Each structure stands twice: as structure tokens, then as C-alpha cells.
Amino acid sequence: MTQQTVHESNSAKDQIRQTRIQKLADLADKGVNPYPYVFDKNADAADLQDKYKDLSAGEETEDVYSVAGRVMAIRNTGMFIDLMDASGKIQIFSHKENLSEDKMKILKLVDIGDIVGFTGSIRRTPRGELSIKSTDLKLLSKSLLPLPEKFHGLTDVETRYRQRYVDMIVNEDVRKTFRTRSLIIQKIREYLTKQGFLEVETPMLHPQAGGANARPFITHHNTLDMDMFLRIAPELYLKRLMVGGLSEKIFEINRSFRNEGIDIRHNPEFTMMELYQAYVDYNEMMVLTENLVSHVAQEVLGTMKITYGENEIDLTPPWDRKTMLGAIKEYTDVDFSSCYTLEDAKSKAKSLGIDPEECDNWGQVIDLIFEEKVEPHLIQPVHIIDYPRDISPLAKVHRDNERLTERFETRVNGWEIANAFSELTDPIDQRMRFEAQMQAKVNGDEEAMPIDEDYICALEHGAPPMGGLGVGIDRLVMLLTNSPSIRDVIAFPTLKKRN
């Protein structure tokens, strides 16, 4: 959109706004409050459409209802109005034979975008449109700014994200996406509760960053005069609750914050579900992951087979399992299982056309190769298991290979949607892992975790063996709603400030 077009658009909006402000004055002259307190609405559009679906064209009833919603279209100088509420649309028929003279004057001051309440009887027009034959109306909110033009809608992506409220008004698909998001979270909560998990809450403000490798957001607590960190992950606090014996199964649906890049799959503020279960390992977490996701898909969509973009994806359990090293060998024909040194790993990475120079350890090289050479191929759901110890500071060492951990990430459509461990409960090993992280931070790794002395203290009181799982809610919603960007499933995504 050119600067001239923007200026012309703003000028047109200003003219419309001034016209509508004048209508406010006209309403005041008539003793009408354009922003009243209440309206006795007793029916939704969708319920009426369903209840009277068999009403014949041209047939009228004496059934009277009060409906309310936003005016989306006006035809024949107000005789016909399309009214939209949260459930759907219904037509309003207004005529001087049914409305008083005073109400007809108010009707003439109604614009597209206004929120209005109508009372009247149900009829179906000769053309087959279910309608309310209005006998009364009440202006509930005067809209001062116009909605986007009907046939083109709100098409500017930047504006859609910045003015989500307008996006929702004019795009039914957008409203559907966010209702589906709410239902997905509801079904996750229901499933876990039925499995015996206790929902808990942990702090968003942390005295030090931890729980995952990521750059934190830093804020300042004025009363305590100390810097604090927005939650990167709830992991260490949830494990403290496991130490305390609050329950053998706990979960939290939480907002977390990571001060890193923004793209179609990353937003600095995001939602995830994290859970812990005592006396199980990562094998049980794999089963739980696939059962949870497939159950939610079935409950929300009515199927475990979904379409994302051009891909047909089958979420029916059980899902495939591949070791990380095995997957790399499968897609590159290079075996890293016998590669023991950082230099050897870097050499093999370079032979695959990958630049590993920023990698500080063997595990980071493996992770980089996996990300570039394997990830794009993992369309159907798969658990990638047995991650390097170097990049998994909170996971138990693999019982058969000390260079690896009992960790998996679940991939669907090439994305990580879940991350889980056989959780590290040995306080001495945990301290050594934290110390290695601190050394990495000294060497320039801004995402490395500091030592959390209180967390180690908690482990020294004894933590049960446990499996832990984190599921990215936003990416799961993307998959189940076929949304191309994470911004499409976050109502108010993080955006760069306008100049």
C-alpha cells in the first residue's frame, strides 16, 4: 500500500468518523444513550436458525425473541439488516408498519459496525431468509470507525495482527480458529484430569533464569530492588512440587517467555503444557504424548487424520520412533555413533555442507546436522529419541550410552511439538551439568542455564524417578487448524513497534 493510498484511506476514515460523531449528537437530541448499560437478550442467532430450520418460505410465527449483535450489512435503507452475534448471523426486517416513528428515526442513524438489540417475531421471507420482524430496537454501541469494505475484507496481514479485534469482526475463519484453540486447551485439561493429573500454578517471575536453554526477558522488582526474569519454562518449579509430594502427577498450562527470534513458528510469548509423572520414564511419556494429541484431535476435529498445507498427516497411535543418530544416518548416510570428538564431528558436518564453527561441543554439532538434514523430512508424527548429553542438561543419562540422554522430541510436519525426558533426579550429576552450562555461558553461550542452588537443594531432599513432558500449545493449534503462521493462532502476537 503506497503512502498516498494510506493517506487517502485515513482521510476517508476521518470523514466517516466525523459523520458518525454527528450522529451521536443527533441521538443525544432524541434522548438516546448510544452506550447503554444492559440489554435483555434471550436468543442467539445460531439457535434460532436451528430451531426454525423447517419453517417454510413466507411463513410467519408469533414467537418473539430479543437478539443483539453487530450490524454487518444494511440494505434498502435499513429495511434489511444482517446482524452477527458470537454464534452466527440472522436477518432483521424493519418496517414502519411494525416500528414506531421514533424507532424508525433511530434506525436511520444506525451504521454498519454498530451493535444493536432487536426484538420481534420470527418469520421466513419469501426468498427463504430466516428473519426477525422487529417491533423494537435499542442501540447498544455506536461504532465511530468503519469496518473494512465487505468484499475485500481486512487483507493487510500487518493490520490483521495489530487490530485483531477488527480481524475477528470481519473474518469468520479467524473467530473459528480462536474458538478451536480454546477447545483444544479445554480438551487437554480434561484428558489430563481424567488421567489423574493435578493442575498447578508456578511463578512467572523468577529470581534467575532456568528450566530451558533460552535467552530470558529481564525486569526489575522495585520493592525488592532486584532484577527478575520472566519464566522461560516452569520445569524447575514443577519438579520442586514433585519433591514436595504434592501429587504423583502434576501439570501446568502456562505462558512462557523467550527473548529470541520471531518467525512463523516462534513468538517470544507462548503457551505450553508441561507435566510430570512419578515412577515412569521417557517411554511412558511417548505413549502419553501420542495418546493426548490423538485424543484432542479426535475430540476437536472428529478425526485423527488431519491436513496441514499439502500434507495428509495421520495422528493415530502408535507413532514411529527413531534415534537421533539413526535418523541422521538414514537421511545423510553418515554414521556419527562412532564419532567421538568435536573435531571429527565438525569434519563430518562440513562434508555434508554444514558450517559447524559456532558449535562448542559434540552434541551441538549433532543437533545442527539433525536440524538441517533431517527435520524437513519428518512429516508424519515421530518421536526422535536419545539426544546428546551436551544439549540436555535436565535429562537422565541414557542407561546404555553415557554420551546420550533419555530424551525425545516429537516431530510433526517437521516441527517440534513436544519435548520430554527421563528426568534427572541425581543432585550431584545435576550440579555437574549446571557447571558445564556455566562454562558454556562464560564461553559466550547466552542461552546456557545458571546454577540453581535452591533447585539442587530440593533434589538433595530426594526426588522420585519421573518422566516429564512439555507440549507447545501454539504449534499444536497451528497443526489442528491448518494455520500457516504462529501469529494466526495467537490473538495478540508480538509485533515490532510502528514508527
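Everything below is about the structure printed above this text.
Read on for an overview of the structure. Going along each chain's sequence as written, the residues are numbered from 1 onward. Note on the predicted model: pLDDT of at least 70 is required for a residue's local features to be given, and 80 or more for side-chain atom pairs to be given and counted; whole-chain, interface and lining totals, by contrast, use all residues. The side-chain quantities take in all heavy atoms of the structure and omit both hydrogens and water.

Concerning a negative patch on the surface
A cluster of like negative charges, contributed by Asp355, Glu358, Asp360, Glu371 and Glu372, occupies part of the molecular surface. Along the chain, the position of Glu358 falls in the loop between α10 (342-351) and α11 (362-373). Like-charged residues are merged into a patch within 9 Å and nonpolar side chains (Val, Leu, Ile, Met, Phe, Trp, Tyr) within 5 Å, provided each residue has over 30% relative accessible area and no salt bridge. Using the Shrake-Rupley algorithm and a 1.4 Å probe, accessible areas are obtained, with residue cover drawn only from the displayed protein chains. We define a salt bridge as a side-chain nitrogen of Lys or Arg found within 4 Å of a carboxyl oxygen belonging to Asp or Glu. For the purpose of charge, His is not counted, nor are the chain termini; Lys and Arg are scored as positive and Asp and Glu as negative. Just so you know, the charge point we use is NZ for Lys, CZ for Arg, CG for Asp and CD for Glu. Helix and strand assignments come from DSSP, with helices taken as H or I runs of at least 4 residues and strands as E runs of at least 2, each series counted from the N terminus.

Quick notes on the nonpolar core
Definition used in this section: a nonpolar core is a set of buried Ala, Val, Leu, Ile, Met, Phe, Trp, Tyr and Cys residues joined via side-chain atoms within 4.5 Å. The buried label applies to any residue whose accessible area, calculated with a 1.4 Å probe on protein chains only, is under 20% of its type's maximum; exposed applies above 50%, and partly exposed to all values in between. Counting 43 residues, the largest nonpolar core has Ile188, Met273, Leu275, Leu315 and Leu469 as the members making the most contacts within it. The element contributing the most residues to this core is helix α8 (residues 282-301), with nine residues. Excluding residues within four positions of it along the chain, Ile188 makes contact with Ile253, Met273, Leu292, Val296, Ile473 and Leu476. Counting 27 residues, the second-largest nonpolar core is a separate cluster that includes Val32, Ile81, Phe118 and Ile132. Note on definitions: a residue-residue contact is assigned when non-hydrogen atoms from the two residues lie within 4.5 Å.

Description of the sheet that holds strand β7 (residues 205-206)
Two strands form a pair only when DSSP identifies at least two bridges running between them. The strand order β7-β9-β8 describes an open sheet built from three strands, whose pairing is antiparallel. At either margin of the open sheet sits one strand with a lone partner, and together these are β7 and β8 (218-221). Sheet topology places β7 next to strand β9 (residues 226-230); two bridges connect them, and they run antiparallel. Residue pairing across strands places His206 opposite Phe229, the latter belonging to β9.

Things to note about the sheet that holds strand β10 (residues 249-257)
The strands that make up a sheet pair up through hydrogen bonds in the backbone, lying either parallel or antiparallel. Spatial ordering of the open sheet is given by β6-β10-β11-β20-β19-β18-β15-β14, a layout of eight strands whose pairing is mixed. Across the chains shown, the open sheet's two edge strands, defined by having one partner strand only, are β6 (198-199) and β14 (320-323). In this structure, β6 lies alongside β10, joined through two bridges in parallel fashion. Following the sheet pairing, Glu199 is matched in β10 by Phe251. Interaxial angle, 0 to 180 degrees, is taken between N-to-C directions of lines fitted to C-alpha atoms, where a helix line uses only the stretch in contact. In this fold helix α6 (residues 172-194) packs onto β6, β10 and β11 (269-278), with an angle of close to 155 degrees to the strand it touches most, β10.

Thoughts on the packing of aromatic side chains
Each Phe, Tyr or Trp ring (for Trp, its six-membered ring) is paired with any other whose centre lies within 6.5 Å, and the angle between the two planes then decides the class: stacked below 30 degrees, edge-to-face above 60, tilted in between. Considering all chains together, one arrives at four aromatic pairs under this definition. Geometrically, the ring pair formed by Phe80 and Phe93 is tilted, given 5.4 Å between the ring centres and 45 degrees between the ring planes. Taken together, the residues Phe80 in strand β2 (residues 80-85) and Phe93 in strand β3 (residues 88-93) connect sequence positions 13 residues apart. Like Phe93, Phe80 is buried. Both rings, one in Phe434 and one in Tyr455, keep their centres 6.4 Å apart while their planes meet at 70 degrees; by these two values the pair is edge-to-face.

Some words on the pairing of strand β5 (residues 130-141)
Both β3 and β5 contribute to a ladder of three bridges, which runs parallel. Directly across from Phe93, in β5, lies its bridge partner Lys133. In this structure, strand β4 (residues 115-124) lies alongside β5, joined through ten bridges in antiparallel fashion. Of the residues in β5, the one forming a bridge with Gly117 is Lys138. Connecting β4 to the next strand, β5, in antiparallel fashion are five residues, including Gly128 with a positive phi near 95 degrees.

What about the environment of Gly210?
Position of Gly210 relative to the elements: it lies in the loop between β7 and β8. Ignoring anything within four residues of it in the chain, the contact list for Gly210 reads Ile232, Ala233, Leu236 and Met449.

Things to note about the side chain of Arg124
For Arg124, the location among the structural elements is in strand β4. Buried charged residue Arg124 carries no salt bridge. Nearest counter-charge: Glu129, at 6.7 Å. By the criterion applied in these results, polar contacts are pairs of N or O atoms within 3.5 Å in which, for protein atoms, one can donate a hydrogen and the other can accept it, and in which residues neighboring in sequence qualify only through two side-chain atoms. Among the polar contacts made by the side chain of Arg124, one reaches the main-chain carbonyl oxygen of Tyr52 at a distance of 2.7 Å. Residues within four places of Arg124 in sequence aside, it is in contact with Tyr52, Lys53, Leu55, Ser56, Ala57, Gly58, Glu59, Glu129 and Leu130.

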